[in-house]
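# Observations on chain architecture
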Amino acid sequence: MHKDSFKNNKRLIGYFTGKSKGPAVIIFSGIHGNEDAGVKASKNIIKKIKKDKISIKGNLFFVYGNSKALKLKKRYVDTDLNRIWSSEHILKLKETPEAEMISEEREQIEIYLLIKNIIEYCKGKFYFIDLHTTSSKTFPFITISDSLNNRKFSSAFPLPTVLGIEEYLPGPLLTFMNEFGYIALGFEAGQHKDTESVRNCESFIWKSLIHTGCVKKKEVNDYQKELDQLLKSKCTNKYRFFQIIFRYEIRPEENFKMLAGFENFDKIIQDQLLAENNGVEVRAVKSGRIFMPLYQSQGDDGFFIIRRVSKFWINASIVARRLHAHNFLRILPGVKKDPGNKYILIVDPKTAKFMAKQIFHLFGYRQQVLKDNKLHFIKRDRKILPFP
Ligand SMILES: [Zn+2]
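Residues numbered from 1 in each chain as written. Predicted model: local features only at pLDDT ≥ 70, side-chain atom pairs only at ≥ 80, totals over all residues. Heavy atoms only, no water.

### Notes on the overall build of the chain
Quick note on the threshold: For helices the rule is a DSSP run of H or I covering at least 4 residues; for strands it is a run of E covering at least 2, with both sets numbered from the N terminus onward. Each radius of gyration reported is based on C-alpha atoms, and the globular scaling rule is 2.2 Å times the count of residues to the power 0.38. Buried, partly exposed and exposed residues are distinguished by accessible area as a fraction of the type maximum, computed with a 1.4 Å probe on protein chains only: under 20%, between the cut-offs, and over 50%, respectively. We call two residues in contact whenever any of their non-hydrogen atoms come within 4.5 Å of each other. The accessible surface values rely on the Shrake-Rupley method and a 1.4 Å probe; as for residues, cover is taken only from the protein chains in view. Neither His nor the chain termini are counted; the positive set is Lys and Arg, and the negative set is Asp and Glu. Charged side chains are reduced to one point each, which is NZ for Lys, CZ for Arg, CG for Asp and CD for Glu.
Tallying secondary structure elements over the chain gives 10 helices and 18 strands in all. Computed over the C-alpha atoms, the radius of gyration of the chain is 21 Å, within 12% of the 21 Å expected from 2.2 N^0.38 for a compact globule of 388 residues. Seen through its C-alpha atoms, the chain measures out along the principal axes to roughly 60 × 50 × 50 Å. Residues classed as buried in the chain amount to 58% of the 388 residues present. Long-range pairs, those at least 24 residues apart, make up 71% of the contacts in the chain with a sequence separation of at least 6. Working note: accessible area of the chain is about 18,300 Å², and carbon and sulfur atoms make up 53% of it. Positive and negative charge centroids in the chain, built from 66 and 42 side chains respectively, lie 8 Å apart.

Right, here's the structure in full:
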């Protein structure tokens, strides 16, 4: 793999291949085509790096997500590009003629091939970042799969972090990257149309570049300080970690309408009226905080409910995982190791009642799929595995 292979790649908003060894930072934006704040921020940063001749250690790539949907300013054309990432799907696509692919599959295969080239070309530690915005009003926040390396990276930012989204959403790009052991972090910058969202993305990118060692702090000091302040001031919530406890999935036949006025992270109580579906009331099944309430026509997550994760739980899970105490889970009745994959536990649903599920989370496992009436819990902490 030679760096010339990145030349003229239309998927790249821009890239910098440094002379020295160092981190590889890959920044995606516009995976949802109606969320272009990340694209604008990427372009601003590329311009600034070139203008001020900022030196880049390692390699830095800015990647278009759903390029066709971005042009149309729509979330997607045929299907959500952030719900179709799995090894099985990629392997199938490799065998599929392009003419038979839907719009998002054509985007996906191009992104996949670019990632594969980047992984082959770069030597350093990899960081994958995906920039988004939301339809509801929100202050900036981070979403991650709950692995210790993701948690550690997210700690570099003064932002609330929502864990465990992978348990509720099928096929996001970042969960897919995480499955090969890579650090992968999602940033939600604000509301789609809020002009601050672009600035928040810029602030987040600079902070990432400094934290990964890709850019020296002193080279962007004044500029970055100002943006850093901006991000900090936006974080009105001092709690760091939240976890999703409920997802309202909109089915194709539904006419879902969120009640007006909810902002992301607003507190809600059980039975509170949240939305309407075909004229029927939708009420909160649990108390907590509303998360990503849907105020746009495309998308099938009506809303989520999240709760704060205690500091005690966060610390206990670090200790449990460092001691490899998860080996203990395998001896519980109703729990089996997957013979084909050491990171998967196959669990009898009776064993995985509410409390049991919390224990799996503690040891770093998140429920992913139901196969043959058995729950599959997948370990998020893992070594780097070969990319398919
Ligand atoms: Zn999005």
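### As for the domain arrangement of the chain
This is how the line gets drawn: Reported domain spans reflect what an automatic or database domain assignment gives.
Looking at the assigned domains, one finds that the chain contains domain 1 (3-234), domain 2 (241-308) and domain 3 (324-379). The gap between the C-alpha centroids of domain 2 and domain 3 is 28 Å.

### Structural notes on the coordination of the zinc ion
Definition in use: In this listing, donors mean N, O and S atoms no farther than 2.8 Å from the metal, or 3.2 Å for Na, K and Ca; water is missing from the atoms, so a site can look incomplete. For a four-donor site, all angles between 85 and 135 degrees give tetrahedral; for four or six donors, opposite pairs above 155 degrees with the remaining angles between 65 and 115 give square planar or octahedral; all remaining cases count as irregular.
The zinc ion binds to the protein through His32 (ND1), Glu35 (OE), Glu35 (OE) and His132 (ND1), with metal-donor distances spanning 2.1 to 2.5 Å. Coordination at the zinc ion comes from 4 donor atoms whose angles at the metal span 55 to 141°, giving a geometry best classed as irregular. Classification of histidine 32 by relative accessible area gives buried; the value is 5%.

### What to know about the sheet that holds strand S7 (residues 183-191)
Working definition: the strands of a sheet are paired by backbone hydrogen bonds and lie parallel or antiparallel to each other. Definition in use: In this scheme, strands are said to pair when DSSP sees at least two bridges between them. Axes here refer to lines fitted to C-alpha atoms; in helices the fit is confined to the stretch in contact. Angles between the N-to-C directions go from 0 to 180 degrees.
Read from one edge to the other, the open sheet built from 11 strands follows the order S1-S3-S2-S4-S7-S5-S6-S8-S14-S13-S10, with strand pairing classed as mixed. In the strand order of this sheet, the two ends are held by strand S1 (12-17) and strand S10 (267-268), each with one partner. With 2 bridges joining them, S10 and strand S13 (residues 288-291) adopt antiparallel strand pairing. The residue bridging isoleucine 268 from the neighbouring strand is glycine 288, located in S13. Taken strand by strand, helix H1 (residues 37-51) contacts S1, strand S2 (24-29), strand S3 (59-64) and strand S4 (126-134), and its axis lies near 35° from that of S1.

### Some points on the nonpolar core
Here is the rule we go by: What makes a nonpolar core is a set of buried Ala, Val, Leu, Ile, Met, Phe, Trp, Tyr and Cys residues whose side-chain atoms join them at distances within 4.5 Å.
Grouped together as the largest cluster of nonpolar side chains are 44 residues, with contacts concentrated most on Leu60, Phe62, Phe187 and Phe204. Tallying contributions element by element places helix H7 (residues 196-212) first for this core, with 7 residues. With near-sequence residues (within four places) excluded, phenylalanine 204 lies in contact with Ile129, Leu131, Ile142, Phe157, Leu159, Leu185, Phe187 and Leu231. In this structure, Phe61, Leu81, Phe128 and Met177 belong to the second largest nonpolar core, which totals 32 residues.

### Examining the packing of helix H3 (residues 87-94) against helix H4 (residues 103-121)
Relative orientation and spacing of two packed helices are given, respectively, by the angle between their axes and the distance between those axes. Keep this limit in mind: Here the word oblique covers every angle except those under 35 degrees (roughly parallel), over 145 (roughly antiparallel) and from 65 to 115 (roughly perpendicular). When residues are grouped by polarity, Ala, Val, Leu, Ile, Met, Phe, Trp, Tyr, Cys and Pro land in nonpolar, Asp, Glu, Lys and Arg in charged, and all others, Gly among them, in polar.
Running from N to C, H3 and H4 point in directions that differ by 100°, and their axes come no closer than 11 Å. Between H3 and H4, the interaxial angle falls into the category roughly perpendicular. Here His89, Ile90, Leu93 and Lys94 of H3 lie close against H4, whose contacting residues are Glu105, Gln108, Ile109 and Tyr112. A class-by-class count of the residues in the contact of H3 with H4 yields 4 nonpolar, 2 polar and 2 charged.

### Points about the pairing of S7
For S7, the tally of buried residues reaches 9 of 9 residues, placing the bulk of the element in the interior. Sheet topology places S4 next to S7; 7 bridges connect them, and they run parallel. Following the sheet pairing, threonine 134 is matched in S7 by glutamine 191. For strand S5 (residues 141-144) and S7, the ladder comprises 3 bridges, and the chain directions are antiparallel. Across the sheet, phenylalanine 141 pairs through a bridge with glutamate 188, a residue of S7.

### A look at the packing of aromatic side chains
What characterises a pair of aromatic rings is the spacing of the ring centres plus the angle enclosed by the ring planes. Rules: Pairing of aromatic side chains here covers Phe, Tyr and the six-membered ring of Trp, requires ring centres within 6.5 Å, and sorts the geometry by plane angle: under 30 degrees stacked, over 60 edge-to-face, intermediate tilted. A ring is scored as having a charge over it whenever the NZ atom of a lysine or the CZ atom of an arginine sits within 6 Å of its centre and within 35 degrees of its normal.
Counted according to the given criterion, the structure contains 27 aromatic pairs. With 5.7 Å between their ring centres and 25° between their planes, tyrosine 112 and phenylalanine 387 make a pair best called stacked. On the criterion of sequence distance, the pair formed by tyrosine 112 in helix H4 and phenylalanine 387 in the segment after strand S18 (374-379) is long-range, its members being 275 residues apart. Classification of phenylalanine 387 as buried rests on a relative accessible area of 11%. Seen in terms of ring centroids, phenylalanine 126 and tyrosine 182 are 5.4 Å apart; in terms of plane orientation they differ by 70°. Their pairing is edge-to-face. You can see phenylalanine 126 sitting in strand S4 and its partner tyrosine 182 sitting in the loop between helix H6 (173-178) and S7, a full 56 residues away along the chain. When sorted by exposure, phenylalanine 126 lands in the same class as tyrosine 182, which is buried. One aromatic cluster in this structure is built from Phe139, Phe141, Phe242, Phe265, Phe291 and Phe304. Against the face of phenylalanine 241 rests arginine 240, its NZ or CZ located 4.5 Å from the ring centre. Over the ring of tyrosine 343 we find arginine 382, and its NZ or CZ is 4.3 Å from the ring centre.

### Notes on the environment of lysine 47
For lysine 47, the position within the fold is in helix H1. Of the residues examined, lysine 47 reaches a relative accessible area of 60% and is grouped as exposed. On a C-alpha basis, the gap between lysine 47 and glutamate 276 in space is 45 Å, while along the polypeptide they are 229 residues apart.

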